[in-house]
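Structural overview
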Amino acid sequence: MHQSENDKPLQVEMIEGKISDIKPKSRGVEFIILHHYKYLEEIHQKEKLYLELNKFLSSTDENATIAILTSPIVAADFCSQLSNDIHLKLWITVKLENPIVNERYLEEEHTALLILTRYKESLKHTKTRIGYTYCPYCDKTTKDYGGKKHLYHEFGTLMSDVWRDMTVNLEEYPQEMVNRLADLFAISEYDKLNIYDQRNFYKPLNEKHKFLIFPYEENHYADNSILLNGDCIEQLRTIPDNSIDFCFADPPYNLKKKYENWNDGIDIQEYFEWCDQWLSELARVLKPGRTLAVLNLPQWNIRHFKHLNTILDYQDWIVWEGLSMPVRMIMPAHYSILCFSKGEPRNLPVIERNIHSDLEQQANHTLKEHYCLRSSCVKKRKQSNIQDSEFVSNLWHDVHRLKHNSRRVDHPCQLPPMFMHRLISLFTHEQEFILDPFNGAGTTTLAAQQLNRKYVGIELSDYYHDITTQRHLELSNGLDPFRKNNDDKPKAKNSPVERLKKQKYEVSKKVLQLEIKNLSENLGYIPTKEEVKEISQFPIEYFENYFTSWGEATAAARTTGMKENRVT
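Heads up: these notes are all about the structure in this document. Because the structure is a prediction, the values reported are computed rather than measured. (Residues numbered from 1 in each chain as written. Predicted model: local features only at pLDDT ≥ 70, side-chain atom pairs only at ≥ 80, totals over all residues. Heavy atoms only, no water.)

Moving on, we get to the overall build of the chain. For the chain, the count of helices and strands is 16 helices and 20 strands. Computed over its C-alpha atoms, the radius of gyration of the chain comes to 25 Å, within 12% of the 24 Å expected for a compact globule of 568 residues. In terms of its C-alpha atoms, the chain occupies a principal-axis envelope of roughly 75 × 70 × 55 Å. The buried share of the chain, reckoned over its 568 residues, is 53%. Within the chain, contacts between residues separated by at least 24 positions form 78% of all contacts whose residues are at least 6 apart in sequence. Accessible surface for the chain amounts to roughly 27,100 Å². Of this, 48% is attributable to carbon and sulfur atoms. In the chain, which carries 72 positive and 81 negative side-chain charges, the distance between the mean positions of the two groups comes to 4 Å. (Helix = DSSP H or I, 4+ residues; strand = E, 2+ residues; numbered from the N terminus. Rg over C-alpha atoms; globule rule 2.2 N^0.38 Å. Buried < 20%, exposed > 50% of the residue type's maximum accessible area, 1.4 Å probe, protein only. Contact = heavy atoms within 4.5 Å. Areas by Shrake-Rupley, 256 points an atom, 1.4 Å probe, with all protein chains shown as cover. Lys, Arg positive; Asp, Glu negative; His and termini not counted. Charge placed at Lys NZ, Arg CZ, Asp CG, Glu CD.)

Okay, structure coming up:
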């Protein structure tokens with residue numbers, strides 16, 4: 001369920017015919033529906049289809065927005081061959097009504113909705129909110145909003161690029177999705193939402209993927225785990241061919257974050273040439289049948305797909321709903337784990353194993369949709385023998401980022417331990433070798449050690465290498481390297497927002513935010529800082545010192561507030 005700021009949706013029109021025979025009209029949003037192809041080989045004359053798609057997209061007017069619904073492998077492959085005058089704005093993950101089951105691999109639970117434009121500017125759309133979901137046991141909102149309910153809207157939260165509140169049936173007309181697109185793009189630039197259902201024109205062939213053939217020759221790497229300090233490509237070249245069981249890479253994203261010893265803003269062409277080098281090295285050291293997984297933003301993984309698809313075999317596009325900073329009206333939550341195998345992948349090790357450690361068991365299962373994590377509700381569900389978990393699919397919504405400094409060390413980008421516990425548990429057995437060429441503060445190798453795997457961690461920075469070495473020593477001595485630590489505050493940040501100095505709060509931030517909200521209701525508008533100084537019962541210094549910005553101080557005044565209990 002969604003709510004758009006514009007209550008007059010676009011008119012919907014079904015356009016008959018093949019896109020190669022149609023000239024799009026002006027002032028329309030174009031929605032193209034393709035098959036959910038499992039393999040690229042299923043596409044009849046793939047190059048011709050891509051040519052026709054690009055020609056159609058380029059024939060739209062300069063303000064056009066185009067949505068394409070298809071499978072992740074086609075989305076990645078087609079986007080890697082987009083015309084230069086077409087711009088990818090969003091890769092939206094949409095939950096499948098009927099997940100695709102494969103007894104050897106993860107259940108496929110999502111499809112891809114690409115949002116493309118002819119214009120370069122930020123995507124133009126209405127402000128759209130997704131309604132709150134409620135725990136089926138306690139009937140409170142799935143997320144525990146705690147003391148911040150006054151900062152949220154009564155209906156729901158801003159839409160993200162992961163749509164789990166709706167599903168799509170691959171065999172039917174996606175009515176719910178059409179309704180959402182008609183609301184989302186109901187702006188003055190557009191009059192209609194034109195639907196082009198191409199599934200009858202581009203039917204899948206009965207073709208299976210032909211896996212690349214690699215000599216099944218495994219080499220022995222080492223008897224013990226090791227942490228290497230140096231350039232990743234140079235260090236990778238010292239590792240024998242076919243010697244690693246699982247490679248994982250979470251590379252610098254080229255987004256100008258403050259990594260120590262890495263230029264994270266280099267020219268984009270140079271960046272991808274560098275990426276191709278270490279990806280090729282990872283492919284070389286990987287054993288046949290094993291998996292290479294790359295975590296990145298979808299638009300970056302599209303480029304990685306283009307290179308990897310020439311040297312390895314596509315295995316999966318795992319979606320991690322890892323919401324980061326709310327930097328736009330469609331919040332960025334889709335982080336992709338691009339998985340390629342060296343030839344035909346072996347059965348997923350987690351499926352092959354009969355025995356799982358407690359840590360593996362926890363990592364392999366996910367909370368069922370909408371159940372909350374309130375300790376009181378979790379306890380009651382357990383007492384009532386409620387089965388609230390299930391085996392994980394390729395859509396991860398239950399792994400949450402590290403939000404508190406007490407759980408962080410001095411590195412700007414740290415993955416949650418559960419993330420690596422899950423990946424390692426899914427793709428490897430005990431005593432197998434894990435390799436991370438960008439080991440940073442050591443989350444990958446520490447998780448590997450906890451799961452009784454061997455590891456190779458490569459890190460360029462002496463500083464981060466030393467942090468990781470110390471954390472491994474702590475783990476060997478019986479300490480949890482991911483424990484809460486209130487003594488050392490990390491210097492590195494993963495957010496542009498400045499930290500506030502440690503101080504005593506004479507009045508809570510909530511009280512101050514509600515004070516401004518009350519003043520706004522009396523005045524009929526949000527007051528300026530100068531006005532608050534004149535009419536507030538609290539000193540202006542409280543507002544200046546307790547908030548990172550005036551926008552944060554006035555946040556409650558700009559929304560309605562919400563209740564965690566279901567509104568009937």
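Here we take up the pattern of salt bridges. Tallied over the full model, the rule gives 29 salt bridges. Linking Arg566 and Asp139 is a salt bridge whose minimum nitrogen-to-oxygen distance equals 2.8 Å. In this pair, Arg566 sits in the segment after helix H16 (550–553) while Asp139 sits in the loop between strand S7 (128–131) and strand S8 (156–158), placing the two residues 427 residues apart along the sequence. Residue Asp139 is classed as partly exposed on the basis of its relative accessible area of 35%. (Salt bridge = Lys/Arg side-chain N within 4 Å of Asp/Glu carboxyl O.)

Taking burial as the measure, the six residues of strand S3 (residues 28–33) include six buried ones, the bulk of the element. Burial along S3 is two-sided: the residues Gly28, Glu30 and Ile32 and Val29, Phe31 and Ile33 are all buried. Pairing geometry for S3 and strand S4 (residues 65–70), over five bridges, is parallel. Pairing of Ile33 across the sheet is with Leu69, part of S4. A crossover connection joins S3 to the parallel S4 through helix H1 (residues 46–58); in handedness this β-α-β unit is right-handed. (Pairing = 2+ DSSP bridges. Right-handed = clockwise from strand over helix to strand, strands pointing away.)

This brings us to the side chain of Thr117. Note on placement: Thr117 falls in strand S6 (residues 108–117). With relative accessibility at 0%, the residue Thr117 sits in the buried group. A polar contact of 2.7 Å, which involves the side chain of Thr117, links it to the backbone oxygen of Tyr119. (Polar contact = N/O pair within 3.5 Å; in protein donor to acceptor, adjacent residues only side chain to side chain.)

For the rest of this paragraph, the subject is the packing of helix H5 (residues 268–285) against helix H6 (residues 298–308). The geometry of H5 relative to H6 is characterised by a closest axis approach of 10 Å and an angle of 50° between their N-to-C directions. Between H5 and H6, the angle falls in the class oblique. Between H5 and H6 the crossing geometry is right-handed. Across the interface between the two elements, Ile268, Tyr271, Phe272, Cys275, Asp276, Leu279 and Ser280 from H5 touch Trp300, Arg303, His304, His307 and Leu308 from H6. (Axes fitted to C-alpha atoms, helices over the stretch in contact; angles between N-to-C directions. Parallel < 35°, antiparallel > 145°, perpendicular 65-115°, else oblique. Left-handed = near helix turned anticlockwise from the far one by under 90°.)

What follows concerns a nonpolar patch on the surface. Together, Val12, Met14 and Tyr173 make up a nonpolar patch on the protein surface, roughly 240 Å² of accessible area in all. Along the chain, Met14 falls in strand S2 (residues 11–14). A residue is classified by how much of its surface remains accessible, and Met14, at 39% relative accessible area, is partly exposed. (Patch = residues over 30% accessible without salt bridge, like charges linked within 9 Å, V, L, I, M, F, W, Y side chains within 5 Å.)

With that out of the way, let us pick up the sheet that holds strand S1 (residues 2–4). Ordered in space as S1-S7-S8, the three strands form an open sheet in which the pairing is antiparallel. Each end of this open sheet is capped by a strand with a single partner; those strands are S1 and S8. Going across the sheet, the axis of each strand differs from the next one's by a mean of 30°, ignoring polarity. Strands in contact with helix H3 (residues 175–184) are S1 and S7; relative to S1, the strand with the most contacts, it is inclined by about 25°.

Let us now look at the state of the cysteines. Counted under the stated rule, the structure contains zero disulfides. The closest cysteine sulfur to the non-disulfide-bonded Cys275 is located on Cys232, 9.1 Å from its own sulfur. Of the residues examined, Cys275 reaches a relative accessible area of 0% and is grouped as buried. (Disulfide = S-S within 2.5 Å.)

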